[in-house]
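Working through the structure, step by step
This is what each chain is made of:
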Amino acid sequence: MQEIIIGKNEAGQRLDKFLAKYMNLAPKSFFYKMMRKKNITLNGKKCEGAEKLNEGDTVRLFFADETIEKFSDSPDLSLKKEKKQKLSVLYEDEHILLINKPSGMLSQKAKESDLSLVEYLIDYLIEEGAVTRESLRSFRPSVCNRLDRNTSGIVAAGKSLAGLQMLSEVFRDRSIHKYYQCIVEGEMREKKTIDGWLLKDSASNRVRILGKKEAASYPDALPIKTEYEPISTNRTLTLLKVTLITGRSHQIRAHLSSIGHPIVGDPKYGSGKKYNGIHHQLLHSYRLEFPDLAEPFGYLSGRSFEAPLPDDFKRLAEANRLT
């Protein structure tokens, strides 16, 4: 028999949804059968599965540990020693983490064999004692925004269910503000806001930027808006601050390239010119600003966080007097 005490991260969901996470290989019919036979109880009473769980509730599973393990997909979550990479945590509290993702790391898995920021996050939280393998059966912390593999900078992660829900909402409604820095080819001196339409080709994982007339022929084309402001230029290269008004896949990279100013090192949308051996786009999500938030997140209202530029970005900027 196993006894599970419902915590903050499990509260608020239906019992059957909780059970489906806890024993994720079991069919739904198994749970309902076990509840009918009172082999699964809630607070010592017979249950049906539709009950909403509250913090402190007790769920009892009256079957052998072997049965629970049989219906649970619980792989080894610890990264092998040779694959460990120390996370650069910019901020952490009981609900959220802000991480400075390095270039070259996936935000989330593209295929099962991948190692992504999510796996490094889980490994970090296990080592810190913030989560356990048992707690991960019913709630798994995760990232709430994505950056391209070779784009560096701030990624926000929900450490608790409340934190995950809050971050998901502010990214969805775009009330959280994201600012980027990049180095582009050519001279740019004026602050501008540019519009367009973005058409994604999933097969090639590339996007095209279209004008209004051309976009009318493509129902899947999405409107985009990008704001940029030059920080420094040496006429050959320009250091830009970029604000995403809309947030589409590859938007900054493709939009700047479409106006003749590709990001240095960009393998997909760049010019192919080599700069100090750089082989990835010098695009960095450097600042995140929170909107006004209701409790219990009022302490984050209006706060901003910054991630330092990567070394190769700084070196090229300094070598070209763009700082």
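Refer to the preceding data block for the structure.
One structure accompanies this document, and this report is about it. (Residues numbered from 1 in each chain as written. Predicted model: local features only at pLDDT ≥ 70, side-chain atom pairs only at ≥ 80, totals over all residues. Heavy atoms only, no water.)

1. As for the side chain of Gln-181
Residue placement: Gln-181 occurs in strand E9 (residues 177-185). Apart from residues lying up to four places away in sequence, Gln-181 is in contact with Ile-231, Leu-239, Leu-240, Leu-282, Leu-283, His-284, Tyr-286, Leu-309 and Phe-313. (Helix = DSSP H or I, 4+ residues; strand = E, 2+ residues; numbered from the N terminus. Contact = heavy atoms within 4.5 Å.)

2. Some details on the sheet that holds strand E4 (residues 58-61)
A sheet is described by the order of its strands in space; here four strands give the open sequence E1-E4-E2-E3, paired in antiparallel fashion. Every interior strand has two partners, whereas the edge strands, strand E1 (2-5) and strand E3 (45-46), have only one. With four bridges joining them, E1 and E4 adopt antiparallel strand pairing. What sits directly across from Glu-3, in E4, is Arg-60. (Pairing = 2+ DSSP bridges.)

3. Points about the packing of helix H1 (residues 15-22) against helix H2 (residues 28-36)
Taken N-terminus to C-terminus, the directions of H1 and H2 make an angle of 120 degrees; their axes are 10 Å apart at the nearest point. Considering their axes alone, H1 and H2 lie oblique with respect to each other. Pair H1 / H2 crosses with right-handed handedness. In this structure, H1 uses Leu-15, Asp-16, Leu-19 and Ala-20 to contact H2, whose residues at the interface are Phe-31, Tyr-32 and Met-35. Here the residues of the contact of H1 with H2 sort into six nonpolar, no polar and one charged. (Axes fitted to C-alpha atoms, helices over the stretch in contact; angles between N-to-C directions. Parallel < 35°, antiparallel > 145°, perpendicular 65-115°, else oblique. Left-handed = near helix turned anticlockwise from the far one by under 90°. Nonpolar A, V, L, I, M, F, W, Y, C, P; charged D, E, K, R; others polar.)

4. Details of unusual backbone geometry
A cis amide bond links Glu-295 with the next residue in sequence, Pro-296, at an omega value of 10 degrees. You can see Pro-296 is positioned in the loop between strand E14 (283-289) and strand E15 (304-306). The phi torsion at Asn-205 lies on the positive side, around 55 degrees, for a residue other than glycine. Looking at the secondary structure, you find Asn-205 in the loop between strand E10 (192-201) and strand E11 (206-210).

5. Description of the environment of Ala-216
Here Ala-216 shows up in the loop between helix H6 (212-215) and strand E12 (222-233). Sequence spacing of Ala-216 and Leu-125 is 91 residues, and the spatial spacing of their C-alpha atoms is 48 Å.

6. Focus: the environment of Leu-240
Mapping Leu-240 onto the fold places it in strand E13 (residues 237-244). Spatially, the C-alpha atom of Leu-240 lies 19 Å from that of Lys-273, the residues being 33 residues apart in sequence. Those residues in contact with Leu-240, other than ones at most four positions away along the chain, are Tyr-180, Gln-181, Cys-182, Val-184, Met-188, Tyr-228, Glu-229, Pro-230, Ile-231 and Leu-256.

7. Describing helix H5 (residues 161-172)
An α-helical turn contains 3.6 residues, so a residue and the one three or four places further along point in the same direction. The terminal C-alpha atoms of H5, which comprises 12 residues, lie 16 Å apart, in line with the 16 Å expected from a rise of 1.5 Å per residue. Buried within H5 are the following residues: Gly-163, Leu-164, Met-166, Leu-167, Val-170 and Phe-171. Looking straight down H5, one finds its buried side chains confined to an arc of 165 degrees; they lie on one side. Those residues of H5 that are exposed and angled more than 90 degrees off the buried face are Gln-165 and Arg-172. Packing partners of the buried residues in H5 comprise strand E6 (96-101), strand E7 (142-143), strand E8 (152-158), E9 and E14. Following H5 by one or two positions, Arg-174 has its phi on the positive side, about 60 degrees. (Expected span 1.5 Å × (residues − 1). Buried < 20%, exposed > 50% of the residue type's maximum accessible area, 1.4 Å probe, protein only. Arc of directions from axis to C-beta.)

8. Some thoughts on helix H4 (residues 117-128)
Here H4 is 12 residues long and its end C-alpha atoms lie 16 Å apart, about the 16 Å a rise of 1.5 Å per residue gives. Of all 12 residues making up H4, 10 are buried, and the element is well covered by its neighbours. Buried residues of H4: Leu-117, Val-118, Glu-119, Tyr-120, Leu-121, Ile-122, Asp-123, Tyr-124, Leu-125 and Ile-126, and no others. On its buried face, H4 is in contact with strand E5 (89-92), E6, E7 and E8.

9. With respect to the pattern of salt bridges
Opposite charge on two side chains allows them to pair when their charged atoms are near. In the structure shown here, the tally under the stated rule is 14 salt bridges. For Glu-134, the salt bridge is made with Arg-137, and the minimal N-O distance between the two is 3.6 Å. Residue Glu-289 is joined to Arg-287 by a salt bridge in which the shortest nitrogen-to-oxygen separation is 2.8 Å. Look at the salt bridges and you will find they share partners, linking Glu-69, Glu-134 and Arg-137 into a network. (Salt bridge = Lys/Arg side-chain N within 4 Å of Asp/Glu carboxyl O.)

10. Observations regarding the packing of aromatic side chains
One pass over the structure, following the stated rule, counts seven aromatic pairs. Ring centres of Phe-290 and Phe-305 lie 6.0 Å apart, and the angle between their planes is 85 degrees; on these two criteria the pair is classed as edge-to-face. Residue Phe-290 is located in the loop between E14 and E15, and its partner Phe-305 is located in strand E15; the two are separated by 15 residues in the primary sequence. With respect to class, Phe-290 is no different from Phe-305; both count as buried. Taken together, the aromatic side chains of Phe-30, Phe-31, Phe-63 and Phe-71 make up a single cluster linked through ring pairs. Above the plane of the ring of Tyr-179 lies Lys-241, whose end atom (NZ or CZ) is 5.0 Å from the centre. (Phe/Tyr/Trp six-rings, centres within 6.5 Å; stacked < 30°, edge-to-face > 60°. Lys NZ or Arg CZ within 6 Å of the ring centre and 35° of its normal.)

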